[in-house]
Every structure is written in C-alpha cells, then in structure tokens.
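An overview of the molecular structure
Listed below are the residues making up each chain.
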Amino acid sequence: MTRQPGGRAKEANENDGLIIAAARDVFVENPSAPIAEVAQRAGVGIGALYRRYASKEVLLATICAEGQRVYIASAEAALASGAPPFEAYAAFLRDIVGKDTHAVSSRLAGLFEPTEVHATLGVTLQRVSEQLFARVKASGAMRRDVTLLDVGFMLEAIAQVHLGDAMRTAELRQRLLALVIDSLRADAAATPLPGRPPTWEEQNLRWIPKQS
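Thresholds, definitions, all that
- For every chain, the first residue of its written sequence is number 1, and the numbers climb from 1 along that sequence.
- Totals for whole chains, interfaces and linings use every residue, but because this is a predicted model, local features are given only for residues with pLDDT of at least 70 and side-chain atom pairs only at 80 or more, for both listing and counting.
- Calculation of side-chain values draws on the structure's entire complement of heavy atoms; hydrogens and water are dropped beforehand.
- Whenever a carboxyl oxygen of Asp or Glu lies within 4 Å of a side-chain nitrogen of Lys or Arg, that contact is scored as a salt bridge.
- A run of H or I in DSSP becomes a helix once it reaches four residues, and a run of E becomes a strand once it reaches two; helices and strands are each numbered from the N terminus.
- Buried means the residue's accessible area, taken with a 1.4 Å probe over protein chains only, is under 20% of the maximum for its type, while exposed means over 50%, and partly exposed covers the values in between.
- As a per-residue measure, pLDDT tells how confident the predictor is, with possible values from 0 to 100.
- Contacts between residues were defined by any pair of non-hydrogen atoms, one from each residue, lying within 4.5 Å.
- We call two N or O atoms a polar contact when they sit within 3.5 Å, provided that within protein one can donate a hydrogen and the other can accept it, with sequence-adjacent residues counted only if both atoms are side-chain atoms.
- Throughout, the protein atoms alone are placed on a 1 Å grid, and a set of points is a cavity if a 1.4 Å probe fits but cannot get out or a pocket if it is open with protein on both sides within 12 Å along at least five of seven lines; lining residues have an atom within 4 Å of a point.
- Grid points are joined across faces, edges and corners, and a volume is the space filled by probe spheres set on the points.
- Throughout this entry, Asp, Glu, Lys and Arg are counted as charged residues, while Ala, Val, Leu, Ile, Met, Phe, Trp, Tyr, Cys and Pro are counted as nonpolar. The remaining residues, Gly among them, count as polar.

Describing the pattern of salt bridges
Evaluated as defined, the whole model comprises 12 salt bridges. Between Arg206 and Glu156 there is a salt bridge whose closest N-O contact spans 2.8 Å. Note that Arg206 is positioned in the segment after α10 (200-205) and Glu156 in helix α8 (residues 148-159), a separation of 50 residues in sequence. On the basis of relative accessible area, Arg206 is assigned to the partly exposed category, the value being 22%. Judged by relative accessible area, which is 9%, Glu156 ranks as buried. Salt bridges sharing partners connect three or more residues here, namely Arg24, Asp100 and Arg173.

See the structure below:
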C-alpha cells in the first residue's frame with residue numbers, strides 16, 4: 001500500500017498520543033515502573049518510544065506539562081463561563097476530577113527535574129487558579145476560611161480513590177467531590193478549620209527532586 005503524503009507524520013502523532021496516554025496510566029499506577037512497560041501498554045516498539053522520548057524522566061516531564069495544560073484550559077473555560085461564580089467553580093472541579101489532573105501531581109512530584117516549560121505553565125496555572133478562586137470568594141458564596149490549596153489537596157486525596165474498574169472509580173470520585181463542593185459553601189454548617197493552610201512554597205518544593 002502506498003502511504004499518502006503526510007502519512008508518516010500522522011502515524012508518528014498517533015503513536016505519540018498512545019505513548020503519552022499509556023505512560024500516564026502506567027506511572028500514575030506505579031511511578032517506579034520501567035519505561036518498557038509503557039511501550040508494551042501503548043503497543044509500540046521500545047525503539048519508537050525512545051525516538052520520541054530519550055528517557056523516563058523526559059516522559060514524566062511531558063506527562064506533567066500536559067496535565068498542567070489541561071488544568072489551565074479548564075480554569076480558563078470556567079473564567080469565561082457566564083454561570084454564577086460558585087457554580088462555574090464547581091463545574092471546573094468536576095471537570096478536572098473527571099480528567100484526573102491531580103493524580104499526576106500527587107504521584108509524580110519530585111521524580112524529574114522541572115524545566116522552564118513547567119515553570120512557565122506553573123505561573124499561568126497559579127494565576128488562573130487564583131483568579132477563579134478569588135472570584136468565588138468575592139461573591140460571598142464560599143466559606144471564608146478555606147484556601148485555594150486546601151481545595152487542591154482535597155482533590156489530590158480524591159485522586160487516590162480506586163475501586164473496581166475505571167468507570168466505577170470515576171463515579172466514586174465524583175460522589176466524594178460532591179461532598180467537598182457542599183463543604184465549601186458559605187452556608188454550610190462548619191467547624192472552623194484547624195491549623196495553618198498549605199502554602200505555595202510547600203506546594204512547589206514537592207517538585208524538586210530529592211538528592212540521594
């Protein structure tokens with residue numbers, strides 16, 4: 001069969017998508033898994049994988065950058081939404097839990113050296129997150145003592161839930177998220193939060209690989 005012009009590039013892009021999806025599943029499930037397991041899961045040769053990604057660290061870095069982009073796009077969509085602030089924020093939380101963005105941050109932090117790409121995306125991610133959160137706070141619809149990072153770490157906890165197959169896991173995560181969303185409402189009967197809230201410094205330190 002004669003390959004149509006652009007066919008090789010299309011095949012490479014398809015392989016790349018398979019590799020990224022497989023790597024995300026493999027490494028979120030087991031961060032210590034060998035890169036060969038990614039090739040097997042993706043159904044591509046190990047040579048094809050290494051032509052795209054020179055090392056496991058490069059692959060991990062790519063997965064995390066893609067997760068940052070997905071989160072940013074969802075936050076920007078929420079900011080552009082015409083829905084009331086709290087409802088737009090709740091829809092944003094449902095979206096990113098559905099896309100499992102926090103599984104990446106909770107499982108892969110500190111396993112690779114962040115690049116300028118991650119730093120740039122991180123600045124944008126923090127900016128849109130704070131804009132979205134501040135808009136909800138200003139509306140008076142959210143309890144006053146909760147912070148953006150409080151919510152972030154609750155989402156990471158939800159990302160650890162696994163039960164049954166992928167569909168059942170997703171269902172249970174959305175169920176837990178509904179409880180989180182209700183706990184954020186200003187009119188929820190709540191005990192004041194104890195202790196100090198997490199800081200951005202603590203959050204960002206997690207991404208620095210620990211020296212052995």
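Let's pick the thread back up.
Concerning the confidence of the model for the protein chain
For the protein chain, the average pLDDT comes to 89, and 92% of its residues sit at 70 or higher. Here helix α1 (residues 7-29) is the element of the protein chain with the lowest mean pLDDT, 79, and helix α5 (residues 85-98) is the one with the highest, 97. Here residues 1-5 is modelled with pLDDT under 50, and outside its nearest four sequence neighbours on either side it reaches 2 contacts, counting other chains as well.

Some remarks on the side chain of Ser129
Tracing the chain through its elements places Ser129 in helix α7 (residues 116-139). Since its relative accessible area comes to 3%, Ser129 is described here as buried. Within polar-contact distance, the side chain of Ser129 engages the backbone oxygen of Leu125 at 2.7 Å. Not counting residues within four places of it along the chain, the set of residues in contact with Ser129 comprises Tyr71 and Leu148.

Points about the layout of surface pockets
Estimated volume of the largest pocket: approximately 750 Å³. In this structure, the largest pocket is lined by 36 residues; those nearest its centre are Gln68, Leu125, Trp200, Gln203 and Trp207. Sorting the residues of the lining of the largest pocket by element identifies α4 (56-80), α5, α6 (101-108), α7, α8 and α10 as the ones contributing at least two each. Considering every element that reaches the lining of the largest pocket, the biggest residue donor is α7, with 8 residues. Residues belonging to the lining of the largest pocket are distributed by class as follows: 20 nonpolar, 13 polar and 3 charged.

Digging into empty space enclosed by the protein
Taken as a whole and judged by the stated rule, the model has 1 cavity of 30 Å³ or more. The volume enclosed by the largest cavity comes to roughly 50 Å³. Lining the largest cavity we find Ile96, Val97, Asp100, Thr101, His102, Ala103, Leu155, Ile158, Ala159 and Arg173. Of all elements in the fold, only α5, α6 and α8 reach the threshold of two or more residues within the lining of the largest cavity. For the lining of the largest cavity, the per-class residue count stands at 6 nonpolar, 2 polar and 2 charged.

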